[in-house]
Amino acid sequence: MKPPSTIEATVDEVLPRSPEVEDVLPGEAAVAAAARRSLDGKARGVSRIWPFLGPAFVAAVAYIDPGNFATNIAAGSKFGYLLLWVVLGANLIAMVVQTQSAKLGIATGKNLAELCRERFSFPTSIGLWIQAELVAMACDIAEVVGAALGLNLLFGIPLFPAGIIAGAGAFAILALQQYGYRRLEAGITVLVGVVVVSFVTELFNANPDGGEVASHLFVPGFSGTESILLATGIIGATVMPHVIYLHSALTQKRIVGRNDDERRRILRFEKIDVVIAMSIAGVVNLSMMIVAAALFHSSGLAGIDTIDGAYDGLRSLVSPSAATIFGVALLASGFASSSVGTMAGQVVMQGFIRRRIPIFVRRAITLAPALIVLAIGLDPTDALVASQVVLSFGIPFALVPLVMLASDRKVMGKLVNPRWLTALASTLAALIIALNIILLQQVFFG
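Quick caveat: nothing in here was measured; it's all calculated off a predicted structure.

Calculation rules
Residues numbered from 1 in each chain as written. Predicted model: local features only at pLDDT ≥ 70, side-chain atom pairs only at ≥ 80, totals over all residues. Heavy atoms only, no water. Salt bridge = Lys/Arg side-chain N within 4 Å of Asp/Glu carboxyl O. Helix = DSSP H or I, 4+ residues; strand = E, 2+ residues; numbered from the N terminus. Buried < 20%, exposed > 50% of the residue type's maximum accessible area, 1.4 Å probe, protein only. Axes fitted to C-alpha atoms, helices over the stretch in contact; angles between N-to-C directions. Parallel < 35°, antiparallel > 145°, perpendicular 65-115°, else oblique. Contact = heavy atoms within 4.5 Å. Nonpolar A, V, L, I, M, F, W, Y, C, P; charged D, E, K, R; others polar. Phe/Tyr/Trp six-rings, centres within 6.5 Å; stacked < 30°, edge-to-face > 60°. 1 Å grid on protein atoms, 1.4 Å probe; cavity = no way out; pocket = protein on both sides within 12 Å on 5 of 7 lines; lining within 4 Å. Points joined across faces, edges and corners; volume = space filled by probe spheres on them. Expected span 1.5 Å × (residues − 1).

## Focus on the pattern of salt bridges
Following the criterion strictly, the structure yields eight salt bridges and no others. Among the ionic pairs, Glu262 bridges to Arg36, the shortest N-O distance being 2.8 Å. With Glu262 in helix H15 (residues 260–297) and Arg36 in helix H3 (residues 26–39), this residue pair connects regions lying 226 residues apart in the sequence. For Glu262, a relative accessible area of 2% corresponds to the buried category. We classify Arg36 as partly exposed; its relative accessible area is 23%. We note a salt bridge from Asp40 to Arg258, for which the minimum N-O separation is 3.0 Å. With a gap of 218 residues between them, Asp40 in the loop between H3 and helix H4 (46–49) and Arg258 in the loop between helix H14 (241–252) and H15 connect regions that are remote in the sequence. Arg258 gets classed as exposed once you look at its relative accessible area, which sits at 54%. Through salt bridges with shared partners, one network takes in Arg36, Asp40, Arg258 and Glu262.

Structure representation (structure tokens):
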């Protein structure tokens, strides 16, 4: 019998089911059979790839969560197209990072948190676990507050009860896994599709300046401390530390290669999965900033730098339907990312300390800071941007161990990173750390 994966065990706590169900679910059996045909060279074209698609789409949800709405809208409204290059760069970094995480799971059959526990000292592992839990709470603030804002804007529900509804919404999505993990992937992908369609529609409504977009996509630039703060938040909202842990868990037992050659082929397919999913997420993030720049900054309305301000701005500058589309995208993003965040948090706890608390308890613990933010009346968009900065500071604590482990032949075997890839990943980690140091210097001494 196939042992349950970390994610499967997490969902079993919400909806207990017979251990035999996973083996007989038609959807799961079909995926496993299709994957085996592909690995055996009996499939051609799209049918070779589709069984391996899915994990990166789940991970990609974290890259278009409400925190992205907050940082991209604030950056576009205040600085126009200036920080588009940051979004593009962060998305390219995300592709490298998520491929490395997926590779770790494929090569070892273990996730990043489990390998950190095994390979690092006990104090180091505990330190990494504590900061990962704090990052998970910061992430939950963005997800829950964002979904609550969506409910408030669309239906007029007060923010605090809307936050409770948003926290509960994650369970409905996680419950899809009782019908097979492929159903969960499909459900999350549908929510991603809602966000994509919404912002492509908004992009057409905004009528942006193509020349300005092309210029700032490739020409780096800042404009004072606030732009650096927002750039750091954009990276934190794009390269999500908790989803670095999650992606390795999503691939560790999903389709297991029988030898090095099969593992290499699985990795090639997973790279395709990552490129497709992260490209879609990148288009959404760029669209968010471009819409804010074209509609608000270019109209002299740089003060519209909040999510609810963007909703009202779309209503007045474009149409009520444009505002509704924006609200639906925000709501879909909040519900999807909240469920993914819960999955990631459980992976972190189980991997680092071999403990798994009931999912309802975990949901309550990570939900508490978001509800406090809503209860005391803090500005939701400011809270979202601040949470993304916290996430950015957490990136090195996930990325550095990932680079170290992926470059260790004893861990990775024949899938070990070549020296050039280790150098690239190390450089990216150093750049992120340097950006955070600059931010600290500017905020506290500038």
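## Describing the packing of helix H10 (residues 159–174) against helix H17 (residues 320–353)
Contact geometry of H10 with H17 gives a least axis separation of 8 Å together with a crossing angle of 75 degrees. Classified by the angle between their axes, H10 and H17 sit roughly perpendicular to one another. Between H10 and H17, the residues in contact are Ile165, Ala166, Gly169, Ala170, Ile173 and Leu174 and Phe335, Ala336, Ser338, Ser339, Thr342 and Met343, respectively. Tallied by class, residues from the contact of H10 with H17 come to eight nonpolar, four polar and no charged.

## Here we look at the packing of aromatic side chains
Scanning all chains against the criterion turns up six aromatic pairs. Both rings, one in Phe52 and one in Phe269, keep their centres 4.5 Å apart while their planes meet at 15 degrees; by these two values the pair is stacked. Taken together, the residues span a long stretch of sequence, with Phe52 in the loop between H4 and helix H5 (55–60) and Phe269 in helix H15 at a distance of 217 residues. For the pair formed by Phe52 and Phe269, the shared burial category is buried. Taken together, a centroid distance of 5.6 Å and an interplanar angle of 70 degrees make the contact between Tyr245 and Phe352 edge-to-face. Taken together, the positions of Tyr245 in helix H14 and Phe352 in helix H17 put the pair 107 residues apart, joining distant regions of the chain. We classify Tyr245 as buried; its relative accessible area is 1%.

## Brief notes about the layout of surface pockets
In this structure, the second largest pocket encloses a volume near 360 Å³. Surrounding the second largest pocket, 18 residues form its lining, Trp85, Val86, Gly89, Ile93 and Ile235 being those nearest its centre. Contributions of two or more residues to the lining of the second largest pocket are made by helix H7 (84–108), helix H12 (210–218), helix H13 (225–238) and helix H21 (419–445). Tallying contributions element by element places H7 first for the lining of the second largest pocket, with six residues. The class makeup of the residues in the lining of the second largest pocket is 17 nonpolar, one polar and no charged.

## Remarks on H10
Over its 16 residues, H10 runs 23 Å from end to end, which matches the ideal 22 Å to within 8%, given 1.5 Å per residue. For H10, the complete set of buried residues consists of Ala162, Gly163, Ala166, Gly167, Gly169, Ala170, Phe171, Ile173 and Leu174.

## Some details on the side chain of Asn72
Its location among the elements puts Asn72 in helix H6 (residues 66–79). In contact with Asn72, not counting residues within four places along its chain, are Val87, Ile234, Asn285, Met288, Met289 and Ala292.

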